[in-house]
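For reference, the chains in residue letters:
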Amino acid sequence: MTARTRPDLDLLPAYVPGRSTPGAVKLASNEVADGPLPSVVAAITAAAAGINRYPDTGSTVLATALAARLAVDAAQVVVGNGSVSVCQQLVQATCADGDEVVFAWRSFEAYPILVRVVGAVPVTVPLTAEHGHDLPAMLAAITPRTRLVFVCNPNNPTGTVVRRAELERFLDAVPPEVLVVLDEAYTEFVRDPEVPDGVELARGRANVAVLRTFSKAYGLAGLRVGYTVAPVAVATAVRKVGVPFGVSGIAQAAAVASLDAADELMVRCAELVLERERVRDALVSAGYEVPVSEANFVWLPVGDGALALAQRCADAGVLVRAFAGDGVRVSTGTPAENDAFLAAAT
Ligand code: PMP
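Read on for a plain summary of the structure. None of these values were measured; they are calculated from a predicted model.

## Examining the packing of helix α11 (residues 262-285) against helix α13 (residues 335-345)
- Between α11 and α13, the least distance of the axes is 11 Å, while the angle of their chain directions is 15°. In this view, α11 runs roughly parallel relative to α13, as classed from their interaxial angle. Between α11 and α13 lies a crossing whose hand is right-handed. Here α11 contributes E275, R278, V279, A282 and L283 to the contact with α13, which in turn contributes P335, N338, D339, F341, L342 and A345.
- Of the residues contributing to the contact of α11 with α13, the split by class is seven nonpolar, one polar and three charged.

## Description of the side chain of N207
- Note on placement: N207 falls in the loop between α8 (198-202) and β7 (208-213).
- From its side chain, N207 meets the backbone oxygen of P175 in a polar contact 3.4 Å long.
- Setting aside its immediate chain neighbours within four residues, N207 contacts V174, P175, P176, V178, L179, V180 and P231.

## Focus on the pairing of strand β3 (residues 100-105)
- Within β3, five of the six residues are buried, which leaves the element mostly enclosed by the surrounding structure.
- Taken together, the six bridges between β3 and strand β4 (residues 121-126) define a ladder with parallel strand orientation. In the sheet register, V102 faces β4, and the bridge partner there is V123.
- Where the polypeptide runs from β3 across helix α5 (residues 110-117) and back to β4, its parallel neighbour, the crossover connection is right-handed.

## What about the sheet that holds strand β9 (residues 297-300)?
- Taken in spatial order, the three strands line up as β9-β12-β11 in an open sheet, and their pairing is antiparallel. This sheet does not close on itself; its edge strands, each paired only once, are β9 and β11 (321-323). Mean inter-strand twist for the sheet, computed between neighbouring axes without regard to direction, equals 20°.
- As paired elements, β9 and strand β12 (residues 327-331) share four bridges and run antiparallel to each other. When the sheet's bridge partners are listed, V298 is paired in β12 with V330.

## A few points about the site of the ligand
- Surrounding the ligand, one finds 13 residues, the nearest of these being S83, Y186, T213, S215 and R224.
- Backbone polar atom of V84 to an oxygen atom of the ligand: 3.0 Å apart, as the coordinates give it.
- Contacts to the ligand include D183, whose side-chain N or O atom sits 2.7 Å from a nitrogen atom.
- The fraction of the free accessible surface of the ligand (400 Å²) that becomes covered by protein chains is 93%.
- For the shell around the ligand, the per-class residue count stands at five nonpolar, five polar and three charged.

Here is what the cut-offs are and how they apply
Residues numbered from 1 in each chain as written. Predicted model: local features only at pLDDT ≥ 70, side-chain atom pairs only at ≥ 80, totals over all residues. Heavy atoms only, no water. Axes fitted to C-alpha atoms, helices over the stretch in contact; angles between N-to-C directions. Helix = DSSP H or I, 4+ residues; strand = E, 2+ residues; numbered from the N terminus. Parallel < 35°, antiparallel > 145°, perpendicular 65-115°, else oblique. Left-handed = near helix turned anticlockwise from the far one by under 90°. Contact = heavy atoms within 4.5 Å. Nonpolar A, V, L, I, M, F, W, Y, C, P; charged D, E, K, R; others polar. Polar contact = N/O pair within 3.5 Å; in protein donor to acceptor, adjacent residues only side chain to side chain. Buried < 20%, exposed > 50% of the residue type's maximum accessible area, 1.4 Å probe, protein only. Pairing = 2+ DSSP bridges. Right-handed = clockwise from strand over helix to strand, strands pointing away. Near = heavy atom within 4 Å. Areas by Shrake-Rupley, 256 points an atom, 1.4 Å probe, with all protein chains shown as cover.

Now the structure itself:
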């Protein structure tokens, strides 16, 4: 007889990562196409000399650098093993059995899994017809059991955004004991001036946390570094549920070097944004509905055609992310990669 595991986990779907096949054009995981900067590689190499020692469990140098950059107290910053780990910590720090977590759907695939793992209940609120968050409906979905609300801005996988005025109205109306997590994994790709900077919006609010990552604009998906900026009391709880030494010294050093190279990396983001717009324009010209995206991907809400479109792309050597019955998400790659996708899809 095998050891007994929690029966409720039998029903839980596993997180499905974007596909990866050697030699294929990979536009399935919202990574950036550019490799690491030489300065980041040098920092990684230098840090490698110290891997016989445990890393700084508080990621102090990185947390201090982030705090200075964002003009927050370092006690508000918690670094984790990718923002998905920090996301898990935020859930663990706020939710127990039977508590509810409200979020839009479709959104980031990990939310329902992380919520169920702690025995809490996902409460999903359908996106609007324009594929964006329905904040009034999310507000209405909050009950006395709600402990946490995710607002993914821009939203994965639709690329849609929530603007300042509606988000402020929403935050003003959420009960103060409910934590709102603004997941800003793609914030560096936003060009809409009406989209607020979550850290600014959270200032002075005791129930708002911001989640960010080095995986996207900063190009460190393979090293796993993310962080939250949260009210100090929340940050303290989030730190307690983290795995000790969860972020390697190499990852911490690479993140610090990436922050130092932010200007250079933001130039890459600007180039990516131009490509995103070119891809969207070409798709719209070809007759697809494509919501305006503020992230490093576009969303094609092709409904029941999702799997077939993804297969057509795969047959042409381009891997995209299909959500059966709903749509296809395509990361923005290099101009040549994007051309390969457009040739397959249009
Ligand atoms: N939030 C959102 C909205 C995401 O799309 C992702 C990655 N797909 C993450 C968080 C997690 O990213 P990471 O763990 O690499 O920081």
